[in-house]
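Residue-level structure breakdown
Listed below, chain by chain, are the residues.
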Amino acid sequence: MPDKFQFSSLSLVYPPVSNQEMYRLKNDTGVEEELRKSDFYMVVGRAEAKFQIVEVDQANGDVSLYLKVLGGLEAHGVLRLGQVPGASKAPNLILEGGDKILRVWDRPKEKPGAKILDWFTTEKLLYDRSHDHPAFHGFDNYRELATYDLFYVGIAKKGDSFERLVANGHKKRMDILANEPQRHPHSRVSDETYLLFFTIRTFGVQTFGPGDDMSEVGVDFTRERKRIVADAEKAFVKLLDPQYNDQKYATYPRSIDGLYGSGLRAYAYVIDENIVLNTGTATIKGAHDQLHPISNNADGILIRGEDVRLIAGKD
């Protein structure tokens with residue numbers, strides 16, 4: 001029989017959003033539509049980040065700015081307004097900004113027909129820079145700034161992450177807000193707690209040897225989506241041991257709703273984003289590659305039979 005391998009990558013459906021920002025966005029139907037594409041989520045922590053605009057070059061539309069994690073790392077770069085998608089057709093580019101969000105308008109916002117061409121929170125800037133947004137230059141240590149403490153891993157066994165984490169009261173999210181210490185004296189814990197909404201993409205590989213049944217060539221053998229999601233949750237909790245996950249899945253990879261015993265020779269999970277997640281037990285580094293579904297630089301969780309291990313990507 002051919003050997004069957006399955007690889008799954010976790011990709012964000014929306015940039016990381018702070019708990020405080022989620023409070024403001026929860027009634028935005030456009031945001032809700034995006035978040036409902038997720039059924040795997042994480043709650044993480046890091047000190048609040050803010051923008052500091054250094055200089056605006058009116059002649060060429062270059063905005064020099066810093067992104068600073070309070071009490072921690074900072075990154076310097078340039079936002080080139082003329083390279084924001086849609087800027088070439090804008091009658092008069094306008095930058096509206098503060099220390100938490102920047103908006104690029106196609107004309108003064110009080111003018112008829114004014115619209116936002118793009119917007120950037122601190123976390124969206126890091127996300128966009130890591131996905132090669134054409135308007136950003138610099139900010140080269142974006143992955144180091146997108147380093148978070150992992151508090152909780154959860155899934156929507158039915159429905160989606162918006163319903164599970166936002167629309168309905170989520171006990172662990174409230175526990176984190178109630179119990180976590182303040183990281184910076186001028187921030188709220190709600191500013192320092194972030195929500196990550198993922199979707200899982202899966203593909204399979206088959207290897208054939210002499211005498212194998214070639215009729216299975218091209219057969220889709222990937223398992224049912226919610227089973228993959230349930231297995232991924234257990235894998236991350238087992239290896240990373242987030243503080244607020246009470247159920248630790250000590251017998252994983254054995255489970256009644258996962259992938260164990262499904263006929264796969266091995267299967268693996270990677271984070272397809274340039275973020276780093278830390279717990280007291282382990283660190284896992286994600287990586288995004290614009291040209292490939294899985295980056296060789298991403299750490300992976302590999303399951304082969306009873307063996308579960310964290311595999312380091314290339315540094």
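Residues numbered from 1 in each chain as written. Predicted model: local features only at pLDDT ≥ 70, side-chain atom pairs only at ≥ 80, totals over all residues. Heavy atoms only, no water.

With that settled, consider the nonpolar core. Residues F40, M42, L79, F198, F236, Y269 and L277 are the most contacted members of the largest nonpolar core, which totals 62 residues. The element contributing the most residues to this core is helix 7 (residues 225–240), with nine residues. Counting 18 residues, the second largest nonpolar core, distinct from the first, contains V17, M22, V166 and I176. (Core = buried A, V, L, I, M, F, W, Y, C linked by side-chain atoms within 4.5 Å. Buried < 20%, exposed > 50% of the residue type's maximum accessible area, 1.4 Å probe, protein only. Helix = DSSP H or I, 4+ residues; strand = E, 2+ residues; numbered from the N terminus.)

K172, R173, D175 and I176 are the residues of helix 6 (residues 171–179) that are buried. Projected down its long axis, helix 6 shows its buried positions confined to an angular sector of 160°, all on one face. Within helix 6, the exposed residues directed more than 90 degrees away from the buried face are K171 and A178. (Arc of directions from axis to C-beta.)

The next subject is the side chain of R46. Along the chain, R46 falls in the loop between strand 3 (40–45) and strand 4 (49–57). For R46, a relative accessible area of 6% gives the class buried. Not counting the four nearest positions on each side in its chain, R46 is found in contact with V69, E123, L126, L145, T147, Y148, R183, E192 and Y194. (Contact = heavy atoms within 4.5 Å.)

What follows deals with the sheet that holds strand 7 (residues 94–97). An order of 7-8-9 is seen for the three strands of this open sheet, with the pairing classed as antiparallel. Edge positions in the open sheet fall to strand 7 and strand 9 (116–121), since each of these has one partner strand only. Looking at each pair of strands side by side, their axes are set apart by 15° on average, direction ignored. (Pairing = 2+ DSSP bridges. Axes fitted to C-alpha atoms, helices over the stretch in contact; angles between N-to-C directions.)

Relative to strand 16 (residues 300–304), strand 13 (residues 266–271) runs antiparallel, the two sharing four bridges. In the sheet register, A268 faces strand 16, and the bridge partner there is L302. Across five bridges, strand 16 lies against strand 17 (residues 307–311) in antiparallel orientation. Across the sheet, residue G300 finds its bridge partner in strand 17, namely I311. Hairpin connection, strand 16 to strand 17: the antiparallel pair is bridged by two residues, and G305 has positive phi, about 65°.

With that settled, the discussion passes to the packing of aromatic side chains. Applying the stated rule across the entire model yields nine aromatic pairs. Between F151 and Y244, the aromatic rings sit 6.0 Å apart at their centres with planes inclined by 80°, giving edge-to-face as the arrangement. Taken together, the positions of F151 in strand 11 (residues 147–155) and Y244 in the loop between helix 7 and strand 13 put the pair 93 residues apart, joining distant regions of the chain. Summarising the burial analysis for this pair, F151 and Y244 share the class buried. (Phe/Tyr/Trp six-rings, centres within 6.5 Å; stacked < 30°, edge-to-face > 60°.)

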